[in-house]
Amino acid sequence: MTNRRAFLKLGVAVAALPLTGHDVRAVIAATGELPETINPTSVIPRQIFIDSRYPESREFARTLMSLGGMAVPEQGDLPQRWYGHLLPILKNQPQAFTGLTGMDSLFCLEMLSRDLHMRPVLMLEPPATASNGAQWGDDSSSVLAGSRWAVESAQFIGTASMRQLQTQRSVKAVHPRPRYQDRQGLVAWVIAPIRQV
Amino acid sequence: MKLPPGINSRSFNNAIREFEKAVGSDWVFSSEEDVNLYRDAYTPFWNEEEELVASAAVAPVTVEEVQEIVRIANRRRIPIYPISTGRNLGYGGSAPTLSGSVVLDLKRMNKVLEVDERNASILVEPGVSYFDAYNHLQGIGSKLMLDVPDPGWGSLIGNAMDRGGGYTMPLYRNHFDAHCGMEVVLANGEVMRTGMGAMPGTKSWQQYKTGFGPWVDGLFSQSNFGVCTKMGFWLMPQPEAYLSGTVSVPGYNDLIPLIDTLNYLENTGVTNGMPFLGTPLTNPSLAPGDEVRRSPAAELLELLATPGGATDEQLENYARDQGMGMWACRLQFYGPPEVIRAQWEYSRKRFSAIPGATFSETEIHELPLTPEQISKVHKVVFGIPNLDIFFIGARSESLPQPSDGHIWFSPIIPRTGEEVLKAQRIINQAAVELGLPGVPFPAVGTYWMRSFMFLYGFPIIKDVATNRKNRESFRKLITLAAENGWGEYRTAPAYQGDIMATYSFNNHALLRFHETLKDAVDPNGILSPGRYGIWPKHLRKEMKG
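Note that this is a predicted model, so its numbers are computed, not measured.

What follows concerns the overall build of chain B. Helix and strand counts for chain B come out as 18 helices and 20 strands. Taken over the C-alpha trace, chain B has a radius of gyration of 24 Å; the compact-globule value for 545 residues is 24 Å, and the two agree within 12%. With the C-alpha coordinates aligned to their principal axes, the bounding extent of chain B is approximately 70 × 55 × 45 Å. Considering chain B as a whole, with its 545 residues, one finds that 57% of them fall into the buried category. Looking at chain B alone, contacts between residues at least 24 apart form 72% of all its contacts between residues at least 6 apart. Entry remark: accessible area of chain B is about 22,800 Å², with carbon and sulfur atoms responsible for 53%. Positive and negative charge centroids in chain B, built from 50 and 60 side chains respectively, lie 6 Å apart.

Laid out in structure tokens, this is it:
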């Protein structure tokens, strides 16, 4: 059973500059609730990109929304959601955004977000392997089919402290690629501006 | 940071400060993280010393700022590399052809300057992507239709300058041919307009291409003679309807009359959309019916793996057993419903001369499409930009280990069935010998009138040894193609010099002419040194090796 502690061993990589977004303390102030795992110094990327074809993506979004994030409207395909929703918001106020999607969608969003001088700062791809210090489960395909990793990814993204987010500069995906072959690989990610705003 | 050759840190930093004065410090990027955004996502040199990387980037928003940057670069001998959106992936991204160059990022110049509904044209700046233009046209209720490449996130100007292609009528799908008039900042900082744009007060800049005197527009495509800051394009007025129909033929050698007939129909304007040509055996979009599309390919793979390869007869029999033709061509028609039905009927009549030819009407739509229809069609055929193509290469059951990108090997081959089959045989054999994925059937690009393009995607993997081997293989294919008279139409920076060297008639007279022009219009060699094999005088000997 993977827990948050194991998750933090994954060698996740983040940028030196803080993610901008919704301060979790504001959420707590508004809701009066303090989730057990929450870190009062955390930030939550406000915009959550969902690919509703995948239950993991929906679970991821639900978890982050409970911490104060907001889902990007799902109408239309990726370009519509980028050009029609995210781009105007990010142009107006550069900020981190997050999602759990296929690698293809992440690649497209990575390329598109370059226009705003943003880049992926965190990529979490199941399953973890022995080489990076955590094991998600006995059977990688069952891990992918379930939603646990998605929830834990969301909890990490939603509760990591500034210090944790500033620990590394470069992006590292969790490799090697999973061995499952039953469906597209999914990845949880955060894309954030290079420059602090 | 890689500095430009011959430039020391102090000079470079002084240039950066001058760029900052020209455009504001917010729009000059020199940190490692910022500059990394300009790496070519599909570079075949990933994590190798030879990877082409920028030293910095500067992003102007006006023509005047572009002029000032060019003047500074000229004065300080700083090489600059203009990009529009920098997403020409597969043929080079936003990384320069000379490491250490400063990327001149034109993405902020993203205005649609004019849409002429009555004469069906658009005038844009380089940062306008196909998505931007599409949204703009939709927003103003225009009845004009774009022709878009796949994917559609690139720039109209960038794609045209690289001589890219789209998917609708020939007049529009050759994006450079569809342009009409350009504005260019020359290496000395001067602004020039071509065609009718050279006449102050003209009202026909986007209506008559050639103006008066030598027509120079072509000199600025796939070159490094200027920075294009405006470009006009002819657009297609939205047709009333669209129809596509597929003709299938049973025999292996039926490809020859199939192409001859297609040529006649295209060259006489009977079929006016882009034809899709290939074998339904491996191309589901050309197969009739969903049941057949889902049929397993294992038997075919076994057949192809036969020592010595499958015979023509075996393939024909396999196709027949699957209820398919050996070859198929999907024709597309745009126009009034009664006209395109007549065009399709006439096309069927011509193809009926091939024994055993069968026909199916694939799609007919009145335009504009509804949102539900848009979600189901091949969007580019209707001028709708999209990114769906990236889902093709995504990890899946059939592709558990996708590559990290690709580079296109795309030689132009004559438009005859004999030559297509020859190219397929030779390239497939070479691919197998080089340890690359084989090409069991021709991958024929039908973007251009009068010629075909053979498409072979080289995988890019973030593994140094594999990429080294693939680069060597790519170069061998360039040579092999040239020996057969097949030259590349476009390529990534890594191979531009190699391919230019194959256009060698009369001791490289064409390249020597390019170099003469380069020396005349850019004597300090600051604009995109090395692009398409054209090096400035001071780097020529060293870089051409």
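All names here are of chain B. Strand order in the open sheet formed by four strands is E1-E2-E4-E3, with mixed pairing between adjacent strands. On the outer flanks of this sheet lie strand E1 (28–29) and strand E3 (80–83), each paired with one strand and no other. In the sheet, E3 pairs with strand E4 (residues 102–105) via four bridges, with the strands oriented parallel. In the sheet register, Ile83 faces E4, and the bridge partner there is Asp105.

All right, on to the pattern of salt bridges then. Two side chains of opposite charge can pair, provided their charged atoms sit close to one another. One pass over the structure, following the stated rule, counts 28 salt bridges over all chains. Its salt-bridge partner being Arg471(B), residue Glu48(B) comes within 2.7 Å of it at the nearest N-O pair. Here Arg471(B) lies in helix H15 (residues 464–483) and Glu48(B) lies in the loop between helix H2 (32–36) and strand E2 (56–58), a separation of 423 residues in the sequence. If you follow the salt bridges from partner to partner, you end up with Asp115(A), Arg87(B), Asp105(B) and Lys107(B) in one network.

Taken as a whole, the second largest pocket holds about 690 Å³ of empty space. For the second largest pocket, the lining is made up of 29 residues, of which Lys91(A), Asp115(A), Leu116(A), Trp27(B) and Arg108(B) are closest to its centre. Of the residues forming the lining of the second largest pocket, the biggest block, five residues, is contributed by helix H4 (residues 78–92) of chain A. Its residues assigned to classes, the lining of the second largest pocket comprises 15 nonpolar, five polar and nine charged.

This paragraph deals with helix H14 (residues 417–433) of chain B. All names here are of chain B. Its 17 residues place the ends of H14 24 Å apart at the C-alpha level, agreeing with the 24 Å of an ideal helix rising 1.5 Å per residue. Among the residues making up H14, those that are buried are Gly417, Glu419, Val420, Leu421, Ala423, Gln424, Ile426, Ile427, Ala430 and Ala431. One or two steps after H14, the chain reaches Gly435, where phi turns positive at roughly 75°.

Turning our attention to the pairing of E4(B). Residue and element names in this part refer to chain B. Side chains Val102 and Leu104 of E4 all project onto a buried face; the interleaved residues Val103 and Asp105 project onto the opposite face, where all are buried too. Both E2 and E4 contribute to a ladder of three bridges, which runs parallel. The residue of E4 that forms the bridge with Ala57 is Val103.

Residue and element names in this part refer to chain A. For the pair H4 and helix H5 (residues 103–113), interaxial distance at closest approach is 11 Å and the crossing angle is 30°. Comparing the axis directions of H4 and H5 gives the class roughly parallel. In the crossing of H4 with H5, the sense of the turn from one axis to the other is right-handed. Packed against H4, whose contacting residues are Leu78, Trp82 and Tyr83, the element H5 presents Ser105, Cys108, Leu109, Leu112 and Ser113 at the interface. When the residues that make up the contact of H4 with H5 are grouped by side-chain class, the tally is six nonpolar, two polar and no charged.

With that out of the way, let us pick up the sheet that holds strand E13 (residues 276–278) of chain B. Residues and elements named next belong to chain B. Spatially, the four strands line up as an open sheet ordered E13-E14-E12-E15, and their pairing is antiparallel. The strands lining the two open edges of the sheet, one partner per strand, are E13 and strand E15 (358–366). When strand polarity is set aside, the average angle formed by the axes of neighbouring strands in this sheet is 10°. Sitting on the sheet, helix H11 (residues 337–351) touches strand E12 (241–249), strand E14 (327–335) and E15, and the angle it makes with E14 is about 155°.

Glancing now at the packing of helix H7 (residues 255–267) of chain B against H11(B). Residue and element names in this part refer to chain B. Where H7 meets H11, the closest approach of the two axes is 10 Å, and the angle between their N-to-C directions is 145°. The way H7 lies across H11 gives a crossing that is right-handed. Here Leu258, Thr261, Leu262, Tyr264 and Leu265 of H7 come into contact with H11, specifically with Tyr346, Ser347, Arg350 and Phe351. A breakdown of the residues in the contact of H7 with H11 according to their chemical character gives six nonpolar, two polar and one charged.

Taken as a whole and assessed by the stated rule, the structure comprises 22 aromatic pairs over all chains. Taken together, a centroid distance of 6.1 Å and an interplanar angle of 45° make the contact between Trp82(A) and Phe97(A) tilted. Placement of Trp82(A) in helix H4 and of Phe97(A) in strand E5 (residues 97–102) is noted, with a sequence separation of 15 residues between them. Grouping residues by exposure puts Trp82(A) and Phe97(A) together as buried. Seen from their ring centres, Tyr456(B) and Phe458(B) are 5.4 Å apart, and the 70° between their planes marks the pair as edge-to-face. One exposure class covers both Tyr456(B) and Phe458(B), and it is buried. Here the aromatic cluster, defined as three or more aromatic residues joined through ring pairs, consists of Tyr91(B), Tyr167(B), Phe276(B), Tyr447(B), Trp448(B) and Tyr489(B). The ring of Trp46(B) carries Arg39(B) above its face, with NZ or CZ at 4.0 Å from the centroid.

Below, the discussion takes up unusual backbone geometry. All names here are of chain B. Looking along the chain, the bond that leaves Asp150 and enters Pro151 is cis, with omega of 5°. Along the polypeptide, Pro151 turns up in the loop between strand E7 (144–145) and helix H5 (156–161). Omega for the peptide link from Leu367 to Pro368 comes to 5°, which places this bond in the cis form. Tracing the backbone through its elements, the reader meets Pro368 in the loop between E15 and helix H12 (371–376).

Residue position: His175(B) is located in the loop between helix H6 (170–173) and strand E8 (179–185). His175(B) has contacts with Tyr130(B), Asp147(B), Val148(B), Pro149(B), Asn159(B), Ala160(B), Gly164(B), Gly165(B), Gly166(B) and Phe233(B), leaving out every residue within four places of it along the chain.

Our next topic: the nonpolar core. Residues and elements named next belong to chain B. Grouped together as the largest cluster of nonpolar side chains are 60 residues, with contacts concentrated most on Leu255, Leu258, Leu277, Leu281, Trp327, Phe351 and Phe409. Top contributing element to this core by residue count: H14, with seven residues. Among the nonpolar cores identified, the runner-up in size contains 53 residues, and Tyr167, Phe233, Met274 and Tyr447 belong to it.

Below, the discussion takes up the environment of Tyr81(B). Residue and element names in this part refer to chain B. Along the chain, Tyr81 falls in strand E3. Tyr81 sits in the buried class, given a relative accessible area of 5%. Taking the C-alpha atoms as reference points, Tyr81 and Ser528, separated by 447 residues in sequence, lie 4.6 Å from one another. Every residue in contact with Tyr81, bar those within four places of it in the chain, is listed here: Ser94, Ala95, Pro96, Thr97, Ser101, Val102, Val103, Leu104, Ser528 and Arg531.

This next bit is on the confidence of the model for chain A. All names here are of chain A. Residues of chain A with pLDDT of at least 70 account for 52%, and the chain-wide mean is 64. Counted against residues more than four places away or in other chains, residues 1–41, with its pLDDT under 50, gives 108 contacts. With pLDDT under 50 throughout, residues 128–146 is counted as low confidence; its partners more than four residues away or in other chains account for 43 contacts.

We now examine the state of the cysteines. Note: disulfide means a covalent bond formed between the sulfur atoms of two cysteine side chains. Residues and elements named next belong to chain B. With the rule as written, the count across this model stands at zero disulfides over all chains. Unpaired in terms of disulfides, Cys180 finds its nearest cysteine sulfur in Cys228, a separation of 13 Å. You can call Cys180 buried: its relative accessible area is 0%.

Cut-offs and rules
Residues numbered from 1 in each chain as written. Chains lettered and ligands numbered in written order. Predicted model: local features only at pLDDT ≥ 70, side-chain atom pairs only at ≥ 80, totals over all residues. Heavy atoms only, no water. Helix = DSSP H or I, 4+ residues; strand = E, 2+ residues; numbered from the N terminus. Rg over C-alpha atoms; globule rule 2.2 N^0.38 Å. Buried < 20%, exposed > 50% of the residue type's maximum accessible area, 1.4 Å probe, protein only. Contact = heavy atoms within 4.5 Å. Areas by Shrake-Rupley, 256 points an atom, 1.4 Å probe, with all protein chains shown as cover. Lys, Arg positive; Asp, Glu negative; His and termini not counted. Charge placed at Lys NZ, Arg CZ, Asp CG, Glu CD. Pairing = 2+ DSSP bridges. Salt bridge = Lys/Arg side-chain N within 4 Å of Asp/Glu carboxyl O. 1 Å grid on protein atoms, 1.4 Å probe; cavity = no way out; pocket = protein on both sides within 12 Å on 5 of 7 lines; lining within 4 Å. Points joined across faces, edges and corners; volume = space filled by probe spheres on them. Nonpolar A, V, L, I, M, F, W, Y, C, P; charged D, E, K, R; others polar. Expected span 1.5 Å × (residues − 1). Axes fitted to C-alpha atoms, helices over the stretch in contact; angles between N-to-C directions. Parallel < 35°, antiparallel > 145°, perpendicular 65-115°, else oblique. Left-handed = near helix turned anticlockwise from the far one by under 90°. Phe/Tyr/Trp six-rings, centres within 6.5 Å; stacked < 30°, edge-to-face > 60°. Lys NZ or Arg CZ within 6 Å of the ring centre and 35° of its normal. Core = buried A, V, L, I, M, F, W, Y, C linked by side-chain atoms within 4.5 Å. pLDDT = per-residue confidence, 0-100. Disulfide = S-S within 2.5 Å.

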